[in-house]
Amino acid sequence: GNSVTQMEGPVTLSEEAFLTINCTYTATGYPSLFWYVQYPGEGLQLLLKATKADDKGSNKGFEATYRKETTSFHLEKGSVQVSDSAVYFCALRRNTGNQFYFGTGTSLTVIP
Amino acid sequence: EAGVAQSPRYKIIEKRQSVAFWCNPISGHATLYWYQQILGQGPKLLIQFQNNGVVDDSQLPKDRFSAERLKGVDSTLKIQPAKLEDSAVYLCASSSDRAYEQYFGPGTRLTVT
């Protein structure tokens, strides 16, 4: 089957700290992988994506690399800001059928 | 480009009442999704449309939930009758055949009392 497992939160970091949120997946075939972010009171927004193995997605200082050998897509940022406080969701998309599967989300709070 | 529109943003109803949510996807997007997001959890797919047709409704509680997509554009999701455990945010998303990502609307927060 298809599923996504994220590290559990909540995660609290000081401003300028290094961030890693782990994500592993189980999928049939070769999925595309995504990170979505949900700010308080808002809908989900696409943060970054990778569509094939070894691709690196990046946006707003966040990065994630599609690792087929470890079935992982860990999210990283070198220096977090207070404005990065949000819930982060890892997701995969089946390339046949266009269905998406989401992880349970990881809440991040960045304190000044 | 306008985003995915949803209404209402908030709804409070009593159990056993009915409620309907509306979604207007991004123009030209053939695929439309309805998700249920319970507090503290990730979105769970309820139903996926490709144009007018249903692609996946395996997790839709069909005894109380129904959805339709008129003319392959707007969609409505209905709950009748509502239960306490239906309290959640209902998210609508759309995607095109050419792009890999989904675009989400702001969601409708439903509270069943």
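Here's what I pulled together on the structure shown here. (Residues numbered from 1 in each chain as written. Chains lettered and ligands numbered in written order. Predicted model: local features only at pLDDT ≥ 70, side-chain atom pairs only at ≥ 80, totals over all residues. Heavy atoms only, no water.)

1. Quick word on the overall build of chain A
Point 1. Along chain A, the regular secondary structure elements total zero helices and twelve strands.
Point 2. The order of helices and strands in chain A, counted from the N terminus, is β-β-β-β-β-β-β-β-β-β-β-β.
Point 3. The C-alpha atoms of chain A give a radius of gyration of 13 Å, which matches the 13 Å a tight globule of 112 residues would have.
Point 4. By principal-axis analysis of the C-alpha atoms, chain A measures approximately 45 × 25 × 20 Å.
Point 5. Relative to its 112 residues, chain A shows a buried fraction of 45%.
Point 6. Seen as two clouds, the 9 positive and the 10 negative side-chain charges of chain A have centres 11 Å apart. (Helix = DSSP H or I, 4+ residues; strand = E, 2+ residues; numbered from the N terminus. Rg over C-alpha atoms; globule rule 2.2 N^0.38 Å. Buried < 20%, exposed > 50% of the residue type's maximum accessible area, 1.4 Å probe, protein only. Lys, Arg positive; Asp, Glu negative; His and termini not counted. Charge placed at Lys NZ, Arg CZ, Asp CG, Glu CD.)

2. Remarks on the pairing of strand S3 (residues 19-24) of chain B
Residue and element names in this part refer to chain B.
Point 1. Alternating positions in S3 separate cleanly, Val19, Phe21 and Cys23 being buried on one face and Ala20, Trp22 and Asn24 remaining unburied on the opposite face.
Point 2. Here three bridges tie strand S1 (residues 5-7) to S3, and the two strands are oriented antiparallel to one another. Considered in S3, the bridge of alanine 5 is made with asparagine 24.
Point 3. Sheet topology note: the S3/strand S8 (residues 75-79) ladder contains five bridges and is antiparallel. In the strand pairing of S8, phenylalanine 21 is matched with leucine 77. (Pairing = 2+ DSSP bridges.)

3. Quick look at the state of the cysteines
Residue and element names in this part refer to chain A.
Point 1. Taken as a whole, this structure holds two disulfides over all chains when the rule is applied.
Point 2. Here cysteine 23 engages in a disulfide with cysteine 90; their sulfurs sit 1.9 Å apart. Judged by the torsion about the S-S bond (-70°), the cysteine 23/cysteine 90 disulfide is left-handed. Highlighted residues: cysteine 23 in strand S4 (residues 23-26) and cysteine 90 in strand S10 (residues 86-93), separated in sequence by 67 residues. (Disulfide = S-S within 2.5 Å.)

4. What to know about the sheet that holds strand S7 (residues 65-69) of chain B
Sheet strands pair via backbone hydrogen bonds, and the direction of the pair is either parallel or antiparallel.
Residue and element names in this part refer to chain B.
Point 1. Taken together, four strands build an open sheet; the order of strands is S1-S3-S8-S7 and the sheet is antiparallel. Strands with a single pairing partner mark the edges of an open sheet, and in this sheet they are S1 and S7. On average, each strand axis in the sheet is tilted by 15° relative to the strand beside it, whichever way the strands run. (Axes fitted to C-alpha atoms, helices over the stretch in contact; angles between N-to-C directions.)

5. Focus on the side chain of Arg69(B)
All names here are of chain B.
Point 1. Relative to the elements of secondary structure, arginine 69 occurs in strand S7.
Point 2. At a separation of 2.9 Å, a polar atom in the side chain of arginine 69 contacts the main-chain carbonyl oxygen of glycine 72.
Point 3. Aside from chain neighbours lying at most four places away, what touches arginine 69 is Pro25, His29, Ala30, Thr31, Leu32, Phe49, Gln50, Asn51, Asn52, Asp74 and Ser75. (Polar contact = N/O pair within 3.5 Å; in protein donor to acceptor, adjacent residues only side chain to side chain. Contact = heavy atoms within 4.5 Å.)

6. Here we look at the interface of chain B and chain A
Interfaces are frequently sized by the accessible area removed from exposure as the parts join.
Point 1. Contacts between the two partners involve 20 residues from chain B, matched on the other side by 21 residues from chain A.
Point 2. Summed over the shared surface of chain B and chain A, the number is one salt bridge.
Point 3. Among the ionic pairs, Glu101(B) bridges to Lys49(A), the shortest N-O distance being 2.8 Å.
Point 4. Along the contact surface separating chain B from chain A lie four residue pairs in polar contact (both at pLDDT 80 or more).
Point 5. If you list the elements that add at least two residues to the side of chain B that touches chain A, you get strand S4 (31-37), strand S6 (53-56) and strand S9 (88-95) of chain B.
Point 6. With four residues, S4(B) is the largest single contributor of residues to the side of chain B that touches chain A. (Salt bridge = Lys/Arg side-chain N within 4 Å of Asp/Glu carboxyl O.)

7. Focus on the side chain of Ser75(B)
Residues and elements named next belong to chain B.
Point 1. Along the chain, the position of serine 75 falls in strand S8.
Point 2. The buried category is assigned to serine 75, whose relative accessible area is 1%.
Point 3. At a separation of 2.9 Å, a polar atom in the side chain of serine 75 contacts the side chain of tryptophan 34.
Point 4. A polar contact of 2.8 Å, which involves the side chain of serine 75, links it to the backbone oxygen of glutamate 68.

8. Quick notes on the pairing of S7(B)
Point 1. When S7(B) meets S8(B), the two strands line up antiparallel, connected through five bridges. Paired with Ala67(B) across the bridge in S8(B) is Leu77(B).

9. Looking at the pattern of salt bridges
Point 1. A complete count under the given rule lists six salt bridges over all chains for this structure.
Point 2. The partner of Lys52(A) in a salt bridge is Asp55(A), with the nearest N and O atoms 3.3 Å apart.
Point 3. Owing to a relative accessible area of 51%, Lys52(A) belongs among the exposed residues under this scheme.
Point 4. Between Arg64(B) and Asp86(B) there is a salt bridge, and its shortest N-O distance comes to 2.5 Å. A residue pair is termed long-range when its members are at least 10 positions apart, and Arg64(B) in the loop between S6 and S7 and Asp86(B) in the loop between S8 and S9 qualify at 22 residues. As far as the burial class goes, Arg64(B) and Asp86(B) line up, both buried.

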